[in-house]
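So you can see what is in the structure, the chains are spelled out below.
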Amino acid sequence: MSATISHTRSDHVHQGAKNEDGSKFRNGIFIYAEAGVVFQGLVQSLERTFPDLKIRLSSKLNETEESDENTGLVLIHAGFAFDLADSVERCKHRFPHASITLMIDENSTGIHEYNTLFDSKQVQGLLPFSLKLDIWLAVVWLLLNGGEYYPSTIVRSMEKTAPAKSQGANGQAKSAAGPMKSLTIREHQILELLSEGLQNKIIADRLALSEHTVKVHVHNLIRKLRVHNRTQAAAIYRDSIDQEEARPPFRGYSAPLQHPQSTYVMSQAV
């Protein structure tokens, strides 16, 4: 396959260096997504394009497994991940030398979170399913070689459809509904416990998470709610409850995830 990626002027591609051992890329790709027909077909396409690589598809991230230093690329289906920031953090821990890329749907409402993860270098690429399969696979080749991929035309289109968030003069949101709706289920759970005055260590114990993971979530909560500290975040939570807007799931929420069925352009050629 050609090493050149066809892209428009609005697609920003940054080529990175090769691995320290001089090889083009490490010998594995890990895909975190629902193990359905679409992604099984994607695995087959990747195996045909990269016959020397080990391609793995899993719908689980087992924390008991040992660190994998040979995997060069992790592809996370952003619409599947229960808690995206937590999934990225866990993948970085399990695959310390891998580039992390989010596979995104154009009808997703989480574009602001995707941009934040990309801008903070937590992920190295945003890979839309709307790309043609040959371009999609070429982007994978780039990411394996240490590059970055940001399809700005598609991202700008997604941002236009994202719900606008209004802010008051003091920098806090006029309504709690907008920011609250941007939170993940895990963030809702942590915010509920935080509003009870619990410390990170206790929250971590309640939710069976590491204290570091809780710290990351609290940081993201403060950023998303556009406040300056935990106290202000808790106030927004209580206000949302009082107004019966964007009420978060109750603690221990375990309803099955619903994944909207989408027709992926890249899957049509699989």
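Residues numbered from 1 in each chain as written. Predicted model: local features only at pLDDT ≥ 70, side-chain atom pairs only at ≥ 80, totals over all residues. Heavy atoms only, no water.

> What exactly am I supposed to notice about the environment of I76 here?
Locating I76 in the fold gives a position in strand β4 (residues 71–77). Once residues within four sequence positions are removed from consideration, I76 is found in contact with Y32, A81, L84, S87, V88, C91, I100, T101, L102 and M103. (Helix = DSSP H or I, 4+ residues; strand = E, 2+ residues; numbered from the N terminus. Contact = heavy atoms within 4.5 Å.)

> Looking at this structure, how should I read the pattern of salt bridges?
Oppositely charged side chains can pair when the atoms bearing their charge come close. Applying the stated criterion across every chain yields a total of 5 salt bridges. One salt bridge in this structure joins R56 and D68, with 2.6 Å as the shortest N-O distance. Here R56, found in strand β3 (residues 54–58), pairs with D68, found in the loop between β3 and β4; they are 12 residues apart in sequence, far enough to count as distant. Overall, D68 belongs to the buried group, its relative accessible area being 16%. For E187, the salt bridge is made with K224, and the minimal N-O distance between the two is 2.8 Å. Pair noted here: E187 is in helix α7 (residues 185–195) and K224 is in helix α9 (residues 211–225), with a separation of 37 residues, a long-range link. Classification of E187 by relative accessible area gives buried; the value is 0%. (Salt bridge = Lys/Arg side-chain N within 4 Å of Asp/Glu carboxyl O. Buried < 20%, exposed > 50% of the residue type's maximum accessible area, 1.4 Å probe, protein only.)

> So what exactly am I meant to see when it comes to the nonpolar core here?
In summary, soluble globular proteins display a tendency toward joint burial of nonpolar side chains. Of all hydrophobic cores here, the largest spans 53 residues; its most connected members are I31, I76, L102 and W136. Among the elements that line this core, the one with the most residues is helix α4 (residues 133–144), at 10 residues. When near neighbours in sequence (up to four residues on either side) are disregarded, L102 contacts I76, A78, L84, V88, Y114, L117, V123, G125, L126 and L127. Core analysis: the next-biggest nonpolar cluster, separate from the first, contains 21 residues, L193, I203, L221 and I222 among them. (Core = buried A, V, L, I, M, F, W, Y, C linked by side-chain atoms within 4.5 Å.)

> How should the environment of N107 be read in this particular structure?
Take N107: it is sitting in the loop between β5 (99–104) and α3 (111–119). Considered as a pair, N107 and M158 are 51 residues apart in the sequence and their alpha carbons are 7.0 Å apart.

> Hey, could you run me through helix α1 (residues 37–49) in this one?
Residues spaced three or four apart along an α-helix face the same direction, because each turn holds 3.6 residues. Taking 1.5 Å per residue as the helical rise, α1 with its 13 residues ought to reach 18 Å, and the 18 Å between its terminal C-alpha atoms agrees with that figure. Buried residues of α1: F39, G41, L42, V43, S45 and L46, and no others. Along its buried surface, α1 packs onto β2 (28–32), β3, β4, β5 and α4. (Expected span 1.5 Å × (residues − 1).)

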